[in-house]
Structures are given as structure tokens and as C-alpha cells.
Amino acid sequence: MAGRRAAVRAWRDSARFAAWLLACLVGLLSPVARAQQDAGAEPPRFAWPLFRVVSHVEASEVVEAAGLPVALRAVQVKESPAEVVQKLADAFLAAGLFVPPGREQPQLARNAAMLTAADMERGLTYTAILQAQPDGTTLVYLGEANHVLRRAPDASPDFAPLPPDAREVLRVGGEGSRTLAFHVALSGEQVDAFYARALPAAGWRRGDEAGLYTRANEELRVVHQPGAGGLRAVVLVYRGRAR
């Protein structure tokens, strides 16, 4: 039972990271230009292609990134990453979506690949993040961002302090959770040391896992990895726990 809970938590944390990656696309195609609609019936809305699904990840939800609602779900499929990319590209083009050239598609860390497209008439962007798995399957995060419903970002105080030189700060909110993502000119050891000092001062205690802190019925996780330009990419995930 404990092993299953750990596995589910790992899936969810991975999905939070994917939510952050999806949110980083807010500026890529935003604001999405609403093109002039041709006379006649509006074309049908895009539907994700069918995959040979192994399992559905439990962390399907709607998050808000910089005021932009992003519907995110994840599935593990039998297709290889190359097959998934081809199937997605064919579906995007068949639906008449705008697909940025390959050189404009972001390259991601964690051995992840990304493909994105935009429905310029409806103000929607569709993004898929792919991660190859050791067993030959592919973990696929499917995100849909609605730019028409974008609103002013939540002005609530951050749930944790940021290093003084944190940059490119992104705040993502979901049901029962919040995420802070940023880049900083610190090493991994320096990031860990900063939060080892700052979080206990706010009542947080170290958990039994690296980067995990707890406080009453709350949980905070610090995750980081090398980022672009020699910076450190840091993600803080906060959520309340069931009493």
C-alpha cells in the first residue's frame, strides 16, 4: 500500500512539473491572434487523436498559469515518442491548426519533447509533452489553454519565499495546490541551503524525502534541475493534505 501511495505521489509531482512546462508556453503563442473567420459553418473543434492507452494518470485537472486556464491530463501509451509526435502532427494539421516550425518548438529538459499548435479562431493552444519510459512506453501530457478566458493573475501572497535574484517567476494554481516556478543563478546545493534556512523559519519541518517539507496538514516540495543559460530551474509545489 505504501508503495502504491509513493507511486501515485510520483505521478502527481511529475504532472505538476508538466503543468509548469505547459504554463511556460503562455508567452509563446499569447496573445493568440483571433483570425478572420471565413463565411460558412465553423470547423469542428480539435479532438486529441486516439492512442493505445496503457493507463490514465490520476492527476487530470485544470490549473491556472498567469491567469490562463490550462486543462491538463496525462496518459501512458504504447506508442514510442516518435510515433506520438507523428500522430499529433498529423492531427494538428488535419484540423487546420497553426503549428510553429520545428525550430520554434521549445526543447525541454528531463529528456522531454514538446509539440504545440494553436486554434487561432477560438483562441486555444494545444500542447503535448512526451517523456519516454524505461519499459518502451511513452508518458504523454495533453494540455489545452483557453486564451479567451485569461484573467488577471491571482494577487495572493506567495506560499514560500523566493531567492533574491529569482527571475522568470511563474505562479500556477490548481484545485488544492499551488506551484511556484522560477530560474535562479544558484547551484542545486545553494537552492537546498536557502530553503533549509527559510522554510523552518516559517514553521515548516523537513520530511522523510529529499526536498519535502510539512506543516500541520500542509505539504511543500522543492524540486530543481539545471536550466538554460547556466541557471537553476526550480519548482515549488504546495498542497494541503487530507486531515
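Given the structure is predicted, the values throughout are model-derived calculations rather than measurements.

Novice: Can you walk me through the side chain of H224 in this structure?
Specialist: By the element assignment, H224 lies in strand β11 (residues 218-226). Here the side chain of H224 touches D192 through a polar contact of 2.9 Å, side chain to side chain. Looking at H224, its side chain comes within polar contact range of the side chain of R232, at 3.1 Å.

Novice: For this particular structure, what's the right way to read the nonpolar core?
Specialist: Where a protein is soluble and globular, its nonpolar side chains tend to be buried together. Core analysis: the biggest nonpolar cluster contains 18 residues, and F46, W48, V84, L88, F92, Y126 and V140 have the highest contact counts within it. For this core, the elements supplying multiple residues, two or more each, are β3 (68-77), α2 (81-94), β4 (112-119), β5 (124-132) and β6 (138-146). Among residues more than four places away in sequence, those in contact with L88 are W48, P49, F51, L115, A128 and L130. Ranked by size, the runner-up nonpolar core spans 16 residues in total, among them F159, F182, W204 and V222.

Novice: How should I be thinking about helix α3 (residues 188-201) in this particular structure?
Specialist: Helical periodicity: at 3.6 residues per turn, an α-helix aligns residues three or four positions apart in one direction. For α3, built from 14 residues, the straight-helix expectation of 20 Å at 1.5 Å per residue is met to within 8% by its first-to-last C-alpha distance of 20 Å. By the burial criterion, the buried members of α3 are G188, V191, F194, Y195 and L199. Along the axis of α3, the buried residues cluster in a sector spanning 120°; they form a single face. Exposed side of α3, more than 90 degrees from the buried face: E189, R197 and A201 are the residues found there. Following α3 by one or two positions, G203 adopts a phi angle in the positive range, close to 95°.

Novice: Explain the confidence of the model for the protein here, please?
Specialist: Predicted coordinates in areas of low pLDDT are best not read in detail. Of the residues in the protein, 68% reach a pLDDT of 70 or more, and the chain-wide mean stands at 76. The least confident element of the protein, judged by mean pLDDT, is helix α1 (residues 2-23) at 45; the most confident is α3 at 94. Ignoring residues within four places in sequence, the model shows residues 23-39, a span with pLDDT below 50, making 39 contacts including any to other chains.

Novice: I tried to follow α2 on my own but got confused; where do I start?
Specialist: In this model α2 runs 20 Å from its N-terminal to its C-terminal C-alpha over 14 residues, within 8% of the 20 Å that 1.5 Å per residue would give. Residues of α2 that are buried include every one of V84, L88, A91 and F92, and no others. Each buried residue of α2 lies within a common arc of 100° when the element is viewed along its axis, so the set occupies one face. Along α2, exposed side chains directed more than 90 degrees from the buried face belong to A82, L93 and A94.

Cut-offs applied
Residues numbered from 1 in each chain as written. Predicted model: local features only at pLDDT ≥ 70, side-chain atom pairs only at ≥ 80, totals over all residues. Heavy atoms only, no water. Helix = DSSP H or I, 4+ residues; strand = E, 2+ residues; numbered from the N terminus. Polar contact = N/O pair within 3.5 Å; in protein donor to acceptor, adjacent residues only side chain to side chain. Core = buried A, V, L, I, M, F, W, Y, C linked by side-chain atoms within 4.5 Å. Buried < 20%, exposed > 50% of the residue type's maximum accessible area, 1.4 Å probe, protein only. Contact = heavy atoms within 4.5 Å. Expected span 1.5 Å × (residues − 1). Arc of directions from axis to C-beta. pLDDT = per-residue confidence, 0-100.

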